Amino acid sequence: MELDNESEFQQSSLYKELQFNSIKYLIDKDLFLLVTATDLETENLHKFLLPFPDFDKIIKCYQGNLTYYFGVFGKYKVVHVQCTMGSIAPSSSIATVNEALSVFSSKAVIMIGIAFGIDNKKQNIGDVLVAESILPYNSKRVGSDHEIHRGSEILSGPILLNRFRSVKDWQYLLKDSVKAEILFSKIMSGEELIDNFEHREKLKSTYPDSKGGEMEGAGLYSACHSKKVECILVKGICDFADGEKGKNKKNNQDSAMLSAISLCLNLFNSETAFSSLGIEPYKEKRAEILEVKDVLFEFYDQKHERFYVERDNDLKFAAILSQFGAWICGPSGCGKSNLIIRNLIKHNKDFVQVDLSPRIGASIEKFFEEILHVILQKNGKDLQMPISFDDCLKRIISILEECYSNKEVIIFIEEIPISEDLEQQEFAQKLFALLISKNLKENLSGVKFFLSSIDNPKKFITPFQKKIHQQISFLELEYWDGKDMLLLIDVLFTALNINLEQSLIDEILLRSKGSPRFVKKFVRTILAIDKYDAETVKFYLGEVEREF
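The rules we used
Residues numbered from 1 in each chain as written. Predicted model: local features only at pLDDT ≥ 70, side-chain atom pairs only at ≥ 80, totals over all residues. Heavy atoms only, no water. Axes fitted to C-alpha atoms, helices over the stretch in contact; angles between N-to-C directions. Helix = DSSP H or I, 4+ residues; strand = E, 2+ residues; numbered from the N terminus. Parallel < 35°, antiparallel > 145°, perpendicular 65-115°, else oblique. Left-handed = near helix turned anticlockwise from the far one by under 90°. Contact = heavy atoms within 4.5 Å. Core = buried A, V, L, I, M, F, W, Y, C linked by side-chain atoms within 4.5 Å. Buried < 20%, exposed > 50% of the residue type's maximum accessible area, 1.4 Å probe, protein only. Salt bridge = Lys/Arg side-chain N within 4 Å of Asp/Glu carboxyl O. Pairing = 2+ DSSP bridges. Right-handed = clockwise from strand over helix to strand, strands pointing away. Lys, Arg positive; Asp, Glu negative; His and termini not counted. pLDDT = per-residue confidence, 0-100.

**Let's talk about the packing of helix 10 (residues 364-378) against helix 11 (residues 389-404)**
Thinking step 1. Close contact between helix 10 and helix 11 brings their axes to 10 Å; oriented N to C, the two are set at 20°. Put simply, helix 10 runs roughly parallel to helix 11. The two elements helix 10 and helix 11 meet at a crossing, and its hand is left-handed. Taken together, the residues of helix 11 that come into contact with helix 10 (itself represented by E365, F368, E369, I371, L372, I375, L376 and K378) are F389, C392, R395, I396, I399, L400 and Y404.

**Some words on the nonpolar core**
Thinking step 1. In this structure, F32, F70, F73, I110, F164, V234 and F274 are the most contacted members of the largest nonpolar core, which totals 86 residues.
Thinking step 2. With ten residues, the top contributor of residues to this core is helix 6 (residues 249-268).
Thinking step 3. Aside from chain neighbours lying at most four places away, what touches F32 is Y76, K77, V78, V79, S106, A108, I110, L160, F268, F274 and I279.

**As for the environment of C224**
Thinking step 1. When you line up the elements, C224 lands in helix 5 (residues 217-226).
Thinking step 2. Between the C-alpha atoms of C224 and E43, which are 181 residues apart in sequence, the distance is 24 Å.

**Let's talk about the pattern of salt bridges**
Thinking step 1. Going through the model one piece at a time under the given rule, you end up with 32 salt bridges.
Thinking step 2. In this structure, D294 and K303 form a salt bridge, with 3.6 Å as the shortest nitrogen-oxygen distance.
Thinking step 3. A single network of salt bridges, built from pairs that share partners, joins E305, E310, D314, R342 and K346.

**Structural notes on the pairing of strand 17 (residues 447-453)**
Thinking step 1. Most of strand 17 sits inside the fold, with seven of its seven residues counted as buried.
Thinking step 2. Burial along strand 17 is two-sided: the face carrying V447, F449, L451 and S453 and the face carrying K448, F450 and S452 are both buried.
Thinking step 3. With four bridges connecting them, strand 14 (residues 325-329) and strand 17 associate as parallel partners. When the sheet's bridge partners are listed, I328 is paired in strand 17 with S452.
Thinking step 4. One crossover worth recording links strand 16 (residues 409-414) to the parallel strand 17 by way of helix 12 (residues 421-439), and it is right-handed.

**Let's talk about the side chain of K448**
Thinking step 1. Here K448 is to be found in strand 17.
Thinking step 2. No salt bridge is formed by the buried K448. Its closest oppositely charged neighbour is E408, at 5.3 Å.
Thinking step 3. Apart from residues lying up to four places away in sequence, K448 is in contact with L321, Q323, F324, G325, V409, I410 and I411.

**Digging into the confidence of the model for the protein chain**
Thinking step 1. When the pLDDT values of the protein chain are averaged, the result is 88; 94% of them are 70 or greater.
Thinking step 2. Confidence over residues 284-289 falls short of pLDDT 50; this stretch has six contacts with residues more than four positions distant or in other chains.

This is the structure in structure tokens:
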């Protein structure tokens, strides 16, 4: 398979930059990790990455210390990362691959690049070395008259190695119509950039079974083996480490890299080559059609996770979740209920959801009757109307003991329909009384209460209720900051293929005043109109603003 450097795959200098959280839905078991070590390797590789079907560019995003590129290579979804040359420096292959594997669930890693050969009479520039194993040669004991090499040989992933050995129909033409060859070999790997004939010959005599060497393989294999992830190194020969590396350097390196890419593409165009690793072609997922209602969800469900923006408050809530109950308060539309539900689901918590909104206008006692009714209903039991609040409280404690003794469960009370201070005070103090009664039952230590409301109830805690802080933590939310709002807009616009000028995005940020509900309402409106010019966008921004 011959690759044309000026083909339709020619690299664009532009990428689609996205926030990492907005592309989390791309991260799954089918994601291959590709690694390069030099700008030339990366530049050539990106000529053959195709954008995902819903994008017109390769996705570029920053996470931690690294930059990642997402696209389709052959028939498979890949994420690419570039390390620096060598294996042991802070940003070299071992550190880079370790960090990447801590972020992604990749089951296989392939390093594609350039390497040196050892025999310019038997090998050609552009022949491809496929590692059977890596021989780290810098680990050694240096004595007065000899050296003892102590680096342990590290084997390539058996499935990946088998798949490359199975390639029988690959052809890549080098200079003068010479066909490139695949050279399976043990590969020397060290920290030295070798361009010295005598030193190369010394390595050859030490490792007579090796047909070439490079600088990053030892780190790559160490990182992958420590995480039990299959890996393999595939590198084209660009020189012979004989003091003539500088001659025709750029052309030789391009030829070597393109040859290695061509071999990898031959395998990546197979429908079944990686099924034994649990990796399937990406094309099976292209038919997915996103429902607008799922992207712009009002009430969180697991299928909405890719469109959920995780914020600092999620981390605070997760910390509370492991120890206390919680009362989340904040203005309407700031995401209180979805934050709670999403984290309960994410952390596999058993919970009973009590929606008090149908009880609007009812007495506070009726709210607690509703709490009792929902818990009974959840457990298949009938409600007998309590005769007083004290009776209702006792029955709540009784059903909790009957159904959740020495178990963990969360009672989530939301949409509390009260606004007057006196009613809020009455509800809070009755709720605190329920929590204090529950706390007297050792077998109910695993039962926690979570609530959401607009106003902060802490001001209603009486002096004899101070111990309530041992059971419940109070978290006050505000409208979203600019960073989180931009991330939300990025997630929604990417999923729905909306493209607006930056000045219009700035206008949305300004008018939304940190309300995610405002942004979703605007997006629903503009999708219904299906016009995205500046005049239309500004008009409907004003219309939505008037509703808020």
